[in-house]
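# Residue-level structural notes
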Amino acid sequence: MYCAATAQEAQNTPGAAPLDLTGFVAASAPADSAQSLALLLSSVAVAVKQIAGKVSRAGLEGLFGVAEQQGGGSGDTQKKLDVVANDIMKAVLSANPQVAVLASEEDDEAMLCSRGAAAAAAAAGAGGGGCVVVFDPLDGSRNIDAAIPTGTIFGVYKTSAAAGSDKLDATAAALQPGTELVAAGYALYSSATMLVISTGQGTHGFTLDPLCGEFLLTHPNIKIPQRGQIYSVNDARFHDWPKGLQAYIEAIRQGKGQNPKQYSARYICSLVGDFHRTLLYGGVCMNPRCHLRLVYEANPLALLCEQAGGIASDGKQRLRDIKPAQLHQRLPLFMGSPDDMTELMSYDDVQQLDGKTYTV
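In what follows, the accompanying structure is described. (Residues numbered from 1 in each chain as written. Predicted model: local features only at pLDDT ≥ 70, side-chain atom pairs only at ≥ 80, totals over all residues. Heavy atoms only, no water.)

## Focus on the overall build of the protein
Counting secondary structure elements, the protein contains 10 helices and 13 strands. When the 360 residues of the protein are sorted by exposure, 54% land in the buried category. Taking the intrachain contacts of the protein between residues at least 6 apart in sequence as the baseline, contacts between residues at least 24 apart amount to 67%. Just so you have it, the protein exposes about 15000 Å², and 51% of that area is on carbon and sulfur atoms. (Helix = DSSP H or I, 4+ residues; strand = E, 2+ residues; numbered from the N terminus. Buried < 20%, exposed > 50% of the residue type's maximum accessible area, 1.4 Å probe, protein only. Contact = heavy atoms within 4.5 Å. Areas by Shrake-Rupley, 256 points an atom, 1.4 Å probe, with all protein chains shown as cover.)

## What about the layout of surface pockets?
Here the largest pocket defines a volume of roughly 1100 Å³. If you trace the largest pocket, you find 45 residues lining it, with Asp76, Arg142, Cys269, Arg289 and His291 closest to the centre. Those elements that provide at least two residues to the lining of the largest pocket are β3 (131–139), α8 (271–281), β11 (284–293) and β13 (330–336). Tallying contributions element by element places β11 first for the lining of the largest pocket, with nine residues. Taken together, the residues of the lining of the largest pocket break down into 15 nonpolar, 14 polar and 16 charged. (1 Å grid on protein atoms, 1.4 Å probe; cavity = no way out; pocket = protein on both sides within 12 Å on 5 of 7 lines; lining within 4 Å. Points joined across faces, edges and corners; volume = space filled by probe spheres on them. Nonpolar A, V, L, I, M, F, W, Y, C, P; charged D, E, K, R; others polar.)

## With respect to the packing of helix α2 (residues 21–28) against helix α3 (residues 34–56)
At a minimum axis separation of 8 Å, α2 and α3 run at an interaxial angle of 155 degrees. The orientation of α2 relative to α3 falls into the category roughly antiparallel. Relative to α3, α2 is oriented so that their crossing is right-handed. Contacts from Leu21, Thr22, Val25 and Ala26 of α2 reach α3 at Ala34, Leu37, Ala38, Leu41, Ser42 and Ala45. Residue composition of the contact of α2 with α3, grouped by class: eight nonpolar, two polar and no charged. (Axes fitted to C-alpha atoms, helices over the stretch in contact; angles between N-to-C directions. Parallel < 35°, antiparallel > 145°, perpendicular 65-115°, else oblique. Left-handed = near helix turned anticlockwise from the far one by under 90°.)

## Side note on α2
Burial in α2 covers these residues: Leu21, Gly23, Phe24, Val25 and Ala27. In this structure Asp20 caps α2, since a side-chain oxygen of it lies 3.2 Å from the backbone nitrogen of Thr22. (Polar contact = N/O pair within 3.5 Å; in protein donor to acceptor, adjacent residues only side chain to side chain.)

## As for the sheet that holds β13
With mixed pairing, five strands are arranged side by side in an open sheet as β10-β9-β11-β13-β12. Edge strands, defined here as strands with exactly one partner in the open sheet, are β10 (264–265) and β12 (311–313). (Pairing = 2+ DSSP bridges.)

## So, the packing of helix α7 (residues 243–253) against helix α10 (residues 338–345)
Following both chains from N to C, one finds α7 and α10 inclined at 135 degrees, their axes separated by 9 Å at the closest point. One element, α7, and the other, α10, form an angle in the oblique class. Contacts between α7 and α10 pair Leu245, Tyr248 and Ile252 from the former with Asp340, Glu343 and Leu344 from the latter. Here the residues of the contact of α7 with α10 are counted per class, giving four nonpolar, no polar and two charged.

Structure follows, in structure tokens:
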């Protein structure tokens, strides 16, 4: 039996065995949702383990390269592992009776999960039931063939059928602002497989122990540094950026910004990898173009960033305040240390809104 006090004591006791994911969430999430979130995140963990296995064996199982048939709503070229990871997420999460709606970056439309949708409709008159899970099944898939870190991003919302209705609108249920998230997280597939989550009670990191097959708490209460010394962006595109962003980058490169130290560039082209480093080391992680997805990437990571003490913005306003208008809505993304983000935003003209695309 876990309790909040036990969880806190375990975190602070030298030599104590780390908590597993399910036990930690059950002990630390809000009391009215702890059990349901623990069960839901257990399903996410199962899917992540399966995807991690596929990623590690991609070369051995012929999963490098582009999928034969292209589909999905992202508009990007689908890799074989994109399709596999998407299928795994949908299969595992749709089997969880709490899940009413799934929305994936790889699919054109949100989907109703029959068991969860029925439960949500039945509970509509009593305050609702079921949940919506939005996800990017394999972020950074362009890096797969080079064995560079990739990840999975997800967010969880509550949902219910409209009062007096027995039907649930899957798309409407998925188009909630980030302020309504009850949980979010990402998996990182790298030298270790990590799962970093928040249920609104801080941001916490778990590492998959291959010996016992469980995610164990290794990074409790992650706090992003107040200021970093790294910026993460594809600055090969510097010449196309707006003047404000150019001026900011020039200043921090030369140590002429508010921080007298010269900043270094670090960029993987995997949002999860770049964000994870920023979360731990500080600085800023950004894409000034309308490229990243509000529903599947920006909002979930924004919750994690804010719960760690950081700031997440589209360059003009707080990300989580934006009400999505479309499932695959794209926007600029800026996240990081509070002092660095405040300085960046002071330059005002940082969004690249010219619609320019680049051939890769």
